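An overview of the molecular structure
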Amino acid sequence: MTTYSRMQFLDGANITSSGMIIFHDFAFSILMFILTFVIFMSFISLSTYKHMRLFKEYSFNMLEMIWTLFPALVLLALGVPSFLMMYFLEGELKGDLTVKAVGHQWFWSYEGNDLVSFDFDSYMKLDDSLSMGDNRVLEVDNSLVLPMMTKIRMIITSTDVLHSWALPSMCLKMDAIPGRLNTMNIISLYPGSFYGQCSEICGINHSFMPIHVEFVGWKDYIKNLTSM
Amino acid sequence: MGASIYFILVSVLNYSVKMASMEERIKYFRTTPFDPRFPQCNQARHCFQDYLDFHRCEKVMTEKGKDAAPCQWFKMCYESLCPSEWKDRFDSWREEGIFAAKI
Ligand SMILES: [Cu+2]
């Protein structure tokens, strides 16, 4: 969950999201290096522009080689991990479990028909029903319970307008579109509870349809399913 | 970033150990497999096709006077893919005779 004064991403809860965070930090460090280098060089050339005629009179083969090859290498260093992440993130359409998230104005409902059929709505908890330690506008009355260490196929759809089902800890976000069954995979390697919010402006209560997913061990998941 | 690198290393090491074993998967998980006819992110057509297949299969089996139990596979497939609202809508269309395909 994101709190005030947070400067970085949430801790990744699976391999893909950790990879994305690492790639972001890596790309950011390269960007900062280029920014400082360019500013530095522009000040240098401003203060030494009188000597620039040297470049016209002499050739600096080594220098030209360096300023041609260096950007190419930087692009390569950015491109290779970027493509790796892209293909790594590309979800497969299979999973051990299928869970459907249906967006409504303004709540989510979850369905599953694999082991035991379940179908419930998850509304936001209002301020007066919050208990001590709950997160305001993030807590829901019925949270989705999923097994960890399991590849889950989420099917995301909507019945009225566009919504978006997001889970920042897994670096996941997918639009819920009426008439489409958008599919993505979720794996969590952690047990824990993760929060998200609807991420596509969908009406007046857009801010008040949070997503709360709890990941438990799969034996507890079966227990929870059969008791539901 | 350091935490992420550490996490990746630890999880790669533990991944194979902690994942549910094959036996457990077969015992507990039963869901629609990947269908090469529907490789796209939008599985709406897949849901529709499985729904159609189930009712076609049931019709053919009852016409031939055979046991319709094998059709339950398609039922499982469409039930795990289609939202219940879609299923109800398909059912009502079928009853009214305005379903979009020939069963
Ligand atoms: Cu929404």
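Residues numbered from 1 in each chain as written. Chains lettered and ligands numbered in written order. Predicted model: local features only at pLDDT ≥ 70, side-chain atom pairs only at ≥ 80, totals over all residues. Heavy atoms only, no water.

**What about the domain arrangement of chain A?**
Interfaces are frequently sized by the accessible area removed from exposure as the parts join. Residue and element names in this part refer to chain A. Structurally, chain A comprises domain 1 (12–90) and domain 2 (97–226). Between the C-alpha centres of domain 1 and domain 2 the distance comes to 40 Å. Domain 1 puts 6 residues into the contact, and the matching count from domain 2 is 8 residues. Between domain 1 and domain 2 the total buried area reaches about 560 Å² when both faces are included, carbon and sulfur atoms providing 64% of it. Taken together, domain 1 and domain 2 are joined by 0 salt bridges. Summed over the shared surface of domain 1 and domain 2, the result is 4 residue pairs in polar contact (both at pLDDT 80 or more). Class assignment for the residues of the side of domain 1 that touches domain 2 results in 3 nonpolar, 3 polar and no charged. (Domains from an automatic or database assignment. Contact = heavy atoms within 4.5 Å. Buried area = accessible area lost by both parts, 1.4 Å probe. Salt bridge = Lys/Arg side-chain N within 4 Å of Asp/Glu carboxyl O. Polar contact = N/O pair within 3.5 Å; in protein donor to acceptor, adjacent residues only side chain to side chain. Nonpolar A, V, L, I, M, F, W, Y, C, P; charged D, E, K, R; others polar.)

**A closer look at the packing of aromatic side chains**
For the coordinates displayed, the defined rule picks out 15 aromatic pairs over all chains. Measuring from centroid to centroid gives 6.4 Å for F83 of chain A and Y87 of chain A, while their planes differ by 25°, and the two rings are stacked. Here the residue F83 of chain A and the residue Y87 of chain A both occupy positions in helix α3 (residues 61–89), the gap between them amounting to 4 residues, near one helical turn. A centroid spacing of 5.6 Å and a plane angle of 70° characterise the contact between F194 of chain A and F215 of chain A, whose relative ring orientation is edge-to-face. Here F215 of chain A lies in strand β10 (residues 210–216) and F194 of chain A lies in strand β9 (residues 192–197), a separation of 21 residues in the sequence. Pair check on accessibility: F194 of chain A and F215 of chain A agree, each one buried. An aromatic cluster of three or more residues is present, and its members are F48, Y51, F54, Y78, F90, W93 and F99 of chain B. (Phe/Tyr/Trp six-rings, centres within 6.5 Å; stacked < 30°, edge-to-face > 60°. Helix = DSSP H or I, 4+ residues; strand = E, 2+ residues; numbered from the N terminus. Buried < 20%, exposed > 50% of the residue type's maximum accessible area, 1.4 Å probe, protein only.)

**What to know about unusual backbone geometry**
Residues and elements named next belong to chain A. Cis geometry marks the peptide bond from Q105 to W106; its omega dihedral reads 0°. Looking at the secondary structure, you find W106 in the loop between β1 (97–104) and β2 (107–112). Non-glycine residue M149 carries a positive phi angle of around 60°. Even without glycine at this site, C171 takes up a positive phi of about 55°. Tracing the sequence through the fold places C171 in the loop between β6 (163–167) and β7 (172–176).

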